[in-house]
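One letter stands for each residue in the lines below.
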Amino acid sequence: MTQHTPGPWLLRPYTPCGENRGYTVTKDTGDVVIADVTTSILDPDIVAVNARLIAAAPEMLALLERLIEVDANPTADSLDITSVADEARVLLAKIEGR
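Residues numbered from 1 in each chain as written. Predicted model: local features only at pLDDT ≥ 70, side-chain atom pairs only at ≥ 80, totals over all residues. Heavy atoms only, no water.

Colleague: Outline the overall build of the chain, supporting the account with residue identities and numerical values.
Modeller: From N to C terminus, the chain includes three helices and three strands. Counted from the first residue to the last, the chain has its helices and strands arranged as β-β-β-α-α-α. The buried share of the chain, taken over its 98 residues, is 21%. Counted over contacts in the chain with a minimum sequence separation of 6, partners at least 24 positions apart contribute 32%. In the form shown here, the chain has an accessible surface area of approximately 6700 Å², with 59% of it arising from carbon and sulfur atoms. (Helix = DSSP H or I, 4+ residues; strand = E, 2+ residues; numbered from the N terminus. Buried < 20%, exposed > 50% of the residue type's maximum accessible area, 1.4 Å probe, protein only. Contact = heavy atoms within 4.5 Å. Areas by Shrake-Rupley, 256 points an atom, 1.4 Å probe, with all protein chains shown as cover.)

Colleague: Describe in detail helix α1 (residues 44-55), supporting the description with residues and values.
Modeller: For α1, spanning twelve residues, the distance from its first C-alpha to its last is 16 Å, which sits close to the expected 16 Å at 1.5 Å a residue. Listing the buried residues of α1 in full gives Val47, Ala48, Ala51 and Ala55. Taken down its axis, α1 places every buried residue within 100 degrees of arc, on the same side. Elements that come into contact with the buried residues of α1 comprise β1 (9-14), β2 (22-27), β3 (33-38) and α2 (57-72). (Expected span 1.5 Å × (residues − 1). Arc of directions from axis to C-beta.)

Colleague: Give a detailed account of the nonpolar core, specifying residues and quantitative values.
Modeller: For soluble globular proteins, nonpolar side chains are generally found buried alongside one another. Counting six residues, the largest nonpolar core is built from Ala56, Leu63, Val70, Val84, Leu91 and Ile95. Those elements that provide at least two residues to this core are α2 and α3 (79-96). Residue contacts for Ile95: discarding those within four places in its chain leaves Val49, Arg52, Leu53, Ala56 and Met60. (Core = buried A, V, L, I, M, F, W, Y, C linked by side-chain atoms within 4.5 Å.)

What follows is the structure, encoded as structure tokens:
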């Protein structure tokens, strides 16, 4: 797999010139910009969810890798899959802004 900028990634709201508001997704150290998401034509609420989704990408990748690991080891404790599902619920709530 091609490497990506390691997480965590942070979401930083900003107001650039003009009326458009948006978000910058950065590495947690703040020194690497991953993406800029603005409200030029989209509903601001949709832009916020899009930005949260982008910022959650490293956590989603780690969760998918963990799910595959748990699935590959059927002798693992059945609590492992419950733990992965619980983490997925927390991450989904974070993406949805709950």
